[in-house]
Amino acid sequence: MKFLLYISQPYSIPIGRPLQAEILRRGFEVAWFCDEEPTKAHLSANERLLNSVHEVMSYQPEVVLVATNVVPDFFSGIKVQIFHGFSVGKRSDAKGHFNIRGFFDLYCTQGPSTTEPFLALQKKHRYFEVVETGWSKVDPLFPLVPKAPNTQPTIIISSTFTTRLSLAKNECVILEIERLSKLGKYHFIAILHPKMEQHVVERFRGLEGEHFTFYDTTDIIPLFKQADIMLSDTTSAITEFVLQKKPVVTIKNNQPQDYMINITDAKEIEKALDLALSQPKEIMQALETFIQFTHPYQDGKSSSRVIDACVDFVQNKKPKRKPLNLIRRWKIRKKLGYFKI
């Protein structure tokens with residue numbers, strides 16, 4: 001069986017790699033296609049990259065695993081939505097995570113919080129299937145290994161690029177982080193969204209010192225494992241991080257939840273970090289409830305369940321007719337320079 005991993009941005013590569021490993025383990029074929037040229041450079045030399053639409057058409061995949069919002073309808077195979085993040089409420093459901101764009105045969109959902117809405121949408125639209133599998137990107141988090149105690153706690157900083165929500169673009173927050181990093185009370189490690197403006201990235205590089213390290217990477221799971229808690233704003237990286245059962249401090253979160261320690265002023269950061277490090281009972285209980293609703297799978301086998309769902313669909317089901325979707329289909333063809341009917 002032939003699989004195609006369809007991505008746009010570099011941050012989707014860690015979503016595809018656990019799936020790639022599982023596909024190869026089963027003796028199937030797998031290749032990648034990037035619809036954004038710069039992303040291609042982030043794949044390794046031993047990963048099979050199809051550089052053109054013509055190569056994809058010749059490859060003839062039976063399954064297209066999609067970590068973007070749309071996919072060319074003219075590619076062969078069933079189209080499977082594997083998602084490029086968790087839903088964090090940056091946009092309304094109708095425009096965000098639960099926007100049905102008319103391209104997919106199968107949605108592989110992350111947990112009950114996404115499965116239930118998609119099942120309702122399946123009942124309404126009737127042309128796609130929904131299977132709860134867990135999310136491939138977080139497979140490397142598991143099994144959870146307790147972090148060794150350290151007199152200097154490690155705080156990971158993560159920030160969205162959305163200006164109105166981003167702590168990385170809040171100068172008061174940056175100055176407070178800089179102050180705290182010079183005290184030596186904590187060790188900070190920082191990551192930013194791959195689409196972050198270069199001047200913001202350089203501002204963070206300028207904070208580097210004995211107790212502050214900046215990482216320009218999309219491979220963030222190893223960094224999550226190093227950290228004791230997270231300092232963030234409104235980003236799906238929060239959900240990925242807390243699956244480890246580690247607390248998070250958020251600054252002006254768009255939709256603060258009861259498992260978060262949410263603050264609104266940079267002056268509150270130090271107190272909030274200390275509270276998070278103490279792992280308050282009510283926070284940890286709320287965190288466990290959130291995990292069970294959002295991504296209850298802690299066996300590191302979500303990729304296996306995704307491939308099981310794909311194989312079952314190919315072998316036992318038939319794709320149904322989808323909406324004409326003429327405008328979206330035209331936009332994809334224009335982007336890829338493919339106009340054959």
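Computed from a prediction, not measured in an experiment: that's the story for all the values here. (Residues numbered from 1 in each chain as written. Predicted model: local features only at pLDDT ≥ 70, side-chain atom pairs only at ≥ 80, totals over all residues. Heavy atoms only, no water.)

### Looking at the packing of aromatic side chains
Evaluation of the coordinates by the stated rule reveals 21 aromatic pairs. Between F98 and F118 the ring centres are 5.1 Å apart and the planes differ by 50 degrees, which places this aromatic pair in the tilted class. Of this pair, F98 sits in the loop between β4 (78-81) and β5 (106-109) while F118 sits in helix α3 (residues 112-125), and the two are 20 residues apart along the sequence. This pair shows no difference in class: F98 is buried, exactly as F118 is. (Phe/Tyr/Trp six-rings, centres within 6.5 Å; stacked < 30°, edge-to-face > 60°. Helix = DSSP H or I, 4+ residues; strand = E, 2+ residues; numbered from the N terminus. Buried < 20%, exposed > 50% of the residue type's maximum accessible area, 1.4 Å probe, protein only.)

### Looking at the nonpolar core
Counting residues in hydrophobic clusters, the biggest one holds 78 residues, and the most contacted among them are F3, L4, L65, V80, I156, F224 and Y259. Tallying contributions element by element places helix α10 (residues 302-316) first for this core, with six residues. Look past the residues within four positions of L4 in its chain and what remains in contact with it is A31, W32, F33, L50, V56, Y59, P61, V63, V64, L65 and F75. (Core = buried A, V, L, I, M, F, W, Y, C linked by side-chain atoms within 4.5 Å. Contact = heavy atoms within 4.5 Å.)

### So, the environment of E176
Within the element layout of this structure, E176 appears in helix α4 (residues 171-183). In the structure, E176 is positioned 93 residues away from I269 in sequence and 7.8 Å away in space, judged by C-alpha atoms. When residues no more than four places from it in sequence are discounted, the contact partners of E176 are A266 and I269.

### Some points on unusual backbone geometry
If a residue is not glycine, its phi is most likely negative; likewise, a peptide bond is most likely trans. F142 connects to P143 through a cis peptide bond whose omega is 0 degrees. Position of P143 among the secondary structure elements: in the loop between β6 (129-132) and β7 (154-159). In this structure, F83 takes a positive phi of about 75 degrees despite not being glycine. The exposure class assigned to F83 is buried, which follows from its relative accessible area of 5%.

### As for the packing of helix α1 (residues 13-25) against α10
Between α1 and α10, the shortest axis-to-axis distance is 9 Å and the interhelical angle comes to 60 degrees. Considering the relative orientation of α1 and α10, their crossing is right-handed. Between α1 and α10, the residues in contact are P18, L19, E22 and I23 and S303, S304, V306 and I307, respectively. When its residues are assigned to classes, the contact of α1 with α10 shows five nonpolar, two polar and one charged. (Axes fitted to C-alpha atoms, helices over the stretch in contact; angles between N-to-C directions. Left-handed = near helix turned anticlockwise from the far one by under 90°. Nonpolar A, V, L, I, M, F, W, Y, C, P; charged D, E, K, R; others polar.)

### What to know about the state of the cysteines
Per the stated rule, a full pass over the model turns up zero disulfides. Unpaired in terms of disulfides, C34 finds its nearest cysteine sulfur in C310, a separation of 19 Å. According to the relative accessible area criterion, C34 is buried, its value standing at 3%. (Disulfide = S-S within 2.5 Å.)

### Considerations on the sheet that holds strand β2 (residues 29-34)
Here six strands make up an open sheet; going across it, the order is β2-β1-β3-β4-β5-β6 and the pairing parallel. For this open sheet the edge positions go to β2 and β6, each flanked by a neighbour on one side alone. Within the sheet, the average angular offset between the axes of one strand and its neighbour, ignoring direction, is 25 degrees. Of the pairings in the sheet, the one linking β5 to β6 comprises four bridges and is parallel in character. Each bridged residue has a counterpart across the sheet, and for Y107 the counterpart in β6 is V130. (Pairing = 2+ DSSP bridges.)

### Regarding helix α9 (residues 281-294)
The first and last C-alpha atoms of α9 sit 20 Å apart over 14 residues, in line with the 20 Å expected at 1.5 Å per residue. Next to the buried residues of α9 lie α3, α7 (237-242) and β12 (260-263). (Expected span 1.5 Å × (residues − 1).)

### Structural notes on the sheet that holds strand β10 (residues 229-232)
Strands sit in the order β9-β8-β7-β10-β11-β12 across an open sheet of six strands; the sheet is parallel. Whereas interior strands pair on both sides, the edge strands pair on one side only; in this sheet they are β9 (212-214) and β12. Averaged over all neighbouring strand pairs, the angle between strand axes comes to 20 degrees, with direction disregarded. For β7 and β10, the ladder comprises three bridges, and the chain directions are parallel. The residue of β10 that forms the bridge with I156 is M230.

### Here we look at the packing of α4 against helix α8 (residues 269-277)
Packed helices, taken two at a time, are described by their axes: the angle between them and the distance between them. Closest axis-to-axis distance for the α4/α8 pair is 10 Å, and the angle between their directions is 60 degrees. The orientation of α4 relative to α8 falls into the category oblique. Packed against α4, whose contacting residues are V173, E176, R179 and L180, the element α8 presents I269, E270 and L273 at the interface. The class makeup of the residues in the contact of α4 with α8 is four nonpolar, no polar and three charged. (Parallel < 35°, antiparallel > 145°, perpendicular 65-115°, else oblique.)

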